[in-house]
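Analysis of the macromolecular model
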Amino acid sequence: MLRADCHCHSTYSDGAHSAETLIEMAAAHELTGLSITDHDTIEAYLSGLHLNTPSNLQLLAGVELSTQYERTPVHVLGYSFDIQNAQLQSLCTEQQQNKLNRNLLILDKLRKLDMDISYEALQARFEPQRNIGRPHIAQYLFEQKFVSSTAEAFKKYLGNTSRCFVKGEFISTEEAINVIQNAGGYAVIAHPHMMKKPKVMRALLTLPFDGIEAYYGKLPKERHSPWIRAAEKNNWFTTGGSDYHGIEGEYKYLGSSLTPASIFEKLVQRFKQNNRIITSQPHPLSSAPLE
């Protein structure tokens, strides 16, 4: 039986496990399909990871892009794209540079308040994670006893209305959709269950997405129903994934939510077409027809 988790993160972004370890874990969880969707980077696939997976596991190229729709953060999942696409690679590089610039500006503000933290110290502390952000800075402030908790770090210094806040530079949701689709991939709304602004969600449902992540983490089935109906109305497909980061205490686990088998087959077929992936022993999904 096909069991595919299409949303998880490795140390190429903010996950606790390497991409190789995630593949081993997927096999241990008896998954037959996996997409590592690191934040704003496709380095796992550029490394050739997808060419060296066990014969009983199909790895699907994925990414999770940080975007903004009318000043509201929106995450966009991309699947099946050409991993060599220059526009997508350039966008990921730009996104990573924007994050670095933001971190440096935050640290500069903290330094002026006598909290001297170097970016090199952050990198060393959270190695091998490569996607340093505000949660890591908050954790470091707590460990260095500048604050009594990470919550206090956000309340006093890092939160959106706090003293050291720096607004992130986000691409538009529309641009992310365009780049993914121009790279031959599918653009999917990530975890709509988390959206707190109904007006923004209604607007997102009018954009030219290909699908929506209707199944997410360990949420109960009734939380999935509205997004299944939205997909049917828009003639979109539905995906599912755990959003597993491997962080200690995280309630979600790899394989806690899955993508429907027929959809995963469709995604894999497009991925192989875009990347001319040829194997000596075709995977069982390789003959799946496009819908």
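Above this text you will find the structure in question.
Everything in this summary refers to the structure shown in the same document. These figures come from a predicted structure and were not determined experimentally.

1. Notes on helix 3 (residues 86–112)
Taking 1.5 Å per residue as the helical rise, helix 3 with its 27 residues ought to reach 39 Å, and the 39 Å between its terminal C-alpha atoms agrees with that figure. Where helix 3 is buried, its residues contact strand 4 (62–69), helix 4 (119–126), helix 5 (134–143), helix 6 (150–158), strand 6 (171–172) and helix 7 (173–182). Two to three positions downstream of the cap, the backbone nitrogen of Q87 sits 3.1 Å from a side-chain oxygen, assigning the N-cap of helix 3 to N85. Directly beyond the C-terminal end of helix 3, a positive phi value near 65° is found at D114.

2. Focus on the packing of helix 3 against helix 5
The interhelical angle for the contact between helix 3 and helix 5, taken along N-to-C directions, is 30°, at an axis separation of 11 Å. Classified by the angle their axes make, helix 3 and helix 5 are roughly parallel. The handedness of the crossing between helix 3 and helix 5 is right-handed. In contact with R102, N103, I106, L107 and L110 of helix 3, helix 5 contributes R134, I137 and L141. Tallied by class, residues from the contact of helix 3 with helix 5 come to five nonpolar, one polar and two charged.

3. Examining the sheet that holds strand 4
Backbone-to-backbone hydrogen bonds pair the strands of a sheet. The strands run either parallel or antiparallel. On the basis of which strands lie adjacent, the open sheet formed by six strands has the order 6-4-5-7-8-9 and mixed pairing. Because the sheet does not close on itself, it has two edges, and the strands there are strand 6 and strand 9 (237–241). Looking at chain direction, strand 5 (residues 72–79) and strand 7 (residues 186–189) are connected through four bridges and run antiparallel. Considered in strand 7, the bridge of Y79 is made with Y186. Set on the sheet, helix 3 makes contact with strand 4 and strand 6; between it and strand 4 the angle comes to about 60°.

Rules used throughout
- Residues numbered from 1 in each chain as written.
- Predicted model: local features only at pLDDT ≥ 70, side-chain atom pairs only at ≥ 80, totals over all residues.
- Heavy atoms only, no water.
- Helix = DSSP H or I, 4+ residues; strand = E, 2+ residues; numbered from the N terminus.
- Expected span 1.5 Å × (residues − 1).
- Contact = heavy atoms within 4.5 Å.
- Polar contact = N/O pair within 3.5 Å; in protein donor to acceptor, adjacent residues only side chain to side chain.
- Axes fitted to C-alpha atoms, helices over the stretch in contact; angles between N-to-C directions.
- Parallel < 35°, antiparallel > 145°, perpendicular 65-115°, else oblique.
- Left-handed = near helix turned anticlockwise from the far one by under 90°.
- Nonpolar A, V, L, I, M, F, W, Y, C, P; charged D, E, K, R; others polar.
- Pairing = 2+ DSSP bridges.

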